[in-house]
Amino acid sequence: MLAAKTLVKVPPNLSFLSSSDSKYPKFPNFKSPNLSSLRRKPISATLSVANTATTPGQLRVDVLSESLPFIQKFRGKTIVVKYGGAAMKSESLQASVVNDLVLLSCVGLRPVLVHGGGPEINLWLKRLNIEVNFHDGLRVTDDKTMEIVSMVLAGKVNKGLVSLINQAGAKAIGLCGTDGRVVTARPAANAAKLGFVGEVARVDPTILWSIINDGHIPVIASVASDEFGQQYNINADTVAGELAAALGAEKLILLTDVAGILEDRDDPSSLVKEVDIRRVKQMMEEGKIAGGMIPKVNCCVRSLAQGVRTASIIDGRLPHSLLLEILTDEGAGTMITGNNVSHLMNDSKGK
């Protein structure tokens, strides 16, 4: 039976959405530790098992045992993952992401995958001799380009990912924003220059709840239609963030081509492991967060302001980065928390 239909309008007034309690039982004889103390420690703090493991089998068992509190924390919770960049171009990294999603599903998490596919779109545009243009980092999308974007994202890329997930042992269902009116689009503010580049006007997660509650993994392409049926190309980070909010997700994860947020943009070793919203805003004002990282960070901030517990920007070039982020305490990038989020609610109204 489908859940009651819920329409989430975006923006105009952000509503605080909290994730539902897990329906899954805890392990009866295991006392879960305080997981806040487990996050973002140096990796050496968690690999002591390597000193005592004498066989590969023993090491494997020890690793699984140490994952238990993290599995308990996220079991039954919805995790929204935005997939793209280098992790999508490399077959080995693609297999890593797919296997991670299936494993997380097997241990009781409820993953939702949102994807783009820029490199694949560029490939097909060039094959068809359609000029590729960008304005302020966004793809200029005329009628012909929109047709290719829709075919590539909702057809080739989406169904390819569904097939890979199915082969890995889970059951995936491929959608785009238009299906079930999951996402209703509206023209971007600078549509005169960008063409059919859209924003998220509304989210209706009804059909997603049906898929998730049946134990399937939704795979969603970032294409959606407006009220009149016109299709729009929407940034996949934006779609992922708004879906995470509408679903009351425990966590939003953006897979990127960088290590995460850096304290010094020129120093890859200055990775910020964990940061709250107030500090993120300061870093943007100081120019420490710039370029393509700004819309990703803004996407995370919006989702946190709407009730998502944590948002992470992680390195998609790192094999099994999803498992590192969710099932270990050192993570695989930068985790942004919703501390000091209440002041953003008023700031976001009417914008």
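Residues numbered from 1 in each chain as written. Predicted model: local features only at pLDDT ≥ 70, side-chain atom pairs only at ≥ 80, totals over all residues. Heavy atoms only, no water.

Scanning the protein from N- to C-terminus turns up 13 helices and 15 strands. A total of 351 residues make up the protein; the buried ones form 50% of that total. Taking as baseline every contact in the protein between residues at least 6 positions apart, the subset at least 24 positions apart corresponds to 75%. (Helix = DSSP H or I, 4+ residues; strand = E, 2+ residues; numbered from the N terminus. Buried < 20%, exposed > 50% of the residue type's maximum accessible area, 1.4 Å probe, protein only. Contact = heavy atoms within 4.5 Å.)

When the pLDDT values of the protein are averaged, the result is 82; 81% of them are 70 or greater. Low pLDDT, under 50, characterises residues 42-50; the stretch is placed with nine contacts to residues that sit more than four places away or in other chains. Of the regions scoring below 50 in pLDDT, residues 342-351 engages in 18 contacts with residues more than four places distant in sequence or in other chains. (pLDDT = per-residue confidence, 0-100.)

The subject of this paragraph is the sheet that holds strand S6 (residues 172-176). Taken together, the eight strands give an open sheet; going across it, the order is S6-S9-S3-S2-S12-S14-S15-S13, and neighbouring strands pair in mixed fashion. Edge strands, defined here as strands with exactly one partner in the open sheet, are S6 and strand S13 (274-276). Direction aside, neighbouring strands of the sheet carry axes that sit 20° apart on average. As defined by bridge partners, S6 adjoins strand S9 (residues 217-221) across five bridges and the pair is classed as parallel. (Pairing = 2+ DSSP bridges. Axes fitted to C-alpha atoms, helices over the stretch in contact; angles between N-to-C directions.)

In terms of strand pairing, strand S8 (residues 197-203) meets strand S11 (residues 231-234) through two bridges, oriented parallel. Paired with Val-197 across the bridge in S11 is Asn-233. Strand direction decides the pairing type here: strand S10 (residues 223-225) and S11, joined by three bridges, are antiparallel. Note that in S11 the partner of Val-223 across the bridge is Asn-233. The hairpin formed by S10 and S11 contains five residues between the paired strands, and Gly-229 there has a positive phi angle of roughly 90°.

The subject of this paragraph is helix H2 (residues 56-74). Here H2 spans 27 Å end to end across 19 residues, near enough to the 27 Å set by a 1.5 Å rise per residue. Roughly 40° is the biggest bend found in H2, and it falls at Leu-68, with proline Pro-69 one to four residues downstream. Looking at the residues trailing H2, positive phi occurs at Gly-76, about 85°. (Expected span 1.5 Å × (residues − 1). Bend = angle between axes of the 7 residues up to and from the residue.)

Taken across its six residues, strand S14 (residues 310-315) has six buried, putting it largely inside the fold. Side chains of S14 alternate between two faces, with Thr-310, Ser-312 and Ile-314 and Ala-311, Ile-313 and Asp-315 buried alike. Where S14 lies against strand S15 (residues 333-337), five bridges are found, and the strand directions are antiparallel. In the strand pairing of S15, Ile-314 is matched with Gly-333.

This next bit is on the pattern of salt bridges. Throughout the structure, instances matching the rule amount to 13 salt bridges. Two residues, Arg-202 and Glu-227, come together in a salt bridge whose shortest N-O distance is 2.4 Å. A residue pair is termed long-range when its members are at least 10 positions apart, and Arg-202 in strand S8 and Glu-227 in the loop between S10 and S11 qualify at 25 residues. A single network of salt bridges, built from pairs that share partners, joins Glu-263, Arg-279, Glu-286 and Lys-288. (Salt bridge = Lys/Arg side-chain N within 4 Å of Asp/Glu carboxyl O.)

Where helix H9 (residues 236-246) contacts helix H11 (residues 293-305), the axes come no closer than 8 Å and their chain directions differ by 10°. Between H9 and H11, the interaxial angle falls into the category roughly parallel. Across the interface between the two elements, Asp-237, Thr-238, Gly-241 and Glu-242 from H9 touch Lys-296, Cys-299, Arg-302 and Ser-303 from H11. By residue class, the composition of the contact of H9 with H11 is one nonpolar, three polar and four charged. (Parallel < 35°, antiparallel > 145°, perpendicular 65-115°, else oblique. Nonpolar A, V, L, I, M, F, W, Y, C, P; charged D, E, K, R; others polar.)

Looking at the secondary structure, you find Thr-141 in the loop between strand S5 (138-139) and helix H6 (143-167). Exposure remark for Thr-141: the relative accessible area of 0% places this residue in the buried category.

This part is about the packing of helix H5 (residues 118-127) against H6. Axis angle and axis distance: for two packed helices, these are the angle between their axes and the distance between the axes, and together they describe the pair. At a closest axis distance of 10 Å, the pairing of H5 and H6 adopts a crossing angle of 125°. As judged from the angle between their axes, H5 and H6 are oblique. Relative to H6, H5 is oriented so that their crossing is right-handed. Judged by residue contacts, Glu-120, Ile-121, Trp-124 and Leu-125 of H5 engage Thr-145, Ile-148, Val-149, Val-152, Leu-153, Lys-156 and Val-157 from H6. Classifying every residue of the contact of H5 with H6 gives eight nonpolar, one polar and two charged. (Left-handed = near helix turned anticlockwise from the far one by under 90°.)

Before going further, it helps to examine the environment of Asn-233. Mapped onto the elements, Asn-233 comes out in strand S11. As for Asn-233 and Gly-195, which are separated by 38 residues in sequence, their C-alpha atoms are 9.4 Å apart. In this structure Asn-233 touches Arg-139, Thr-141, Met-146, Val-149, Leu-153, Phe-196, Val-197, Gly-198 and Ser-222, once residues within four positions along its chain are discounted.

The tally for this structure, following the rule as stated, stands at one aromatic pair. Note on Phe-196 and Tyr-232: the rings are 5.9 Å apart at their centroids and 70° apart in plane angle, and the pair reads as edge-to-face. In this pair, Phe-196 sits in the loop between helix H7 (191-194) and S8 while Tyr-232 sits in strand S11, placing the two residues 36 residues apart along the sequence. Lying over the aromatic face of Trp-124, Arg-127 brings its terminal NZ or CZ to 4.6 Å of the ring centre. (Phe/Tyr/Trp six-rings, centres within 6.5 Å; stacked < 30°, edge-to-face > 60°. Lys NZ or Arg CZ within 6 Å of the ring centre and 35° of its normal.)

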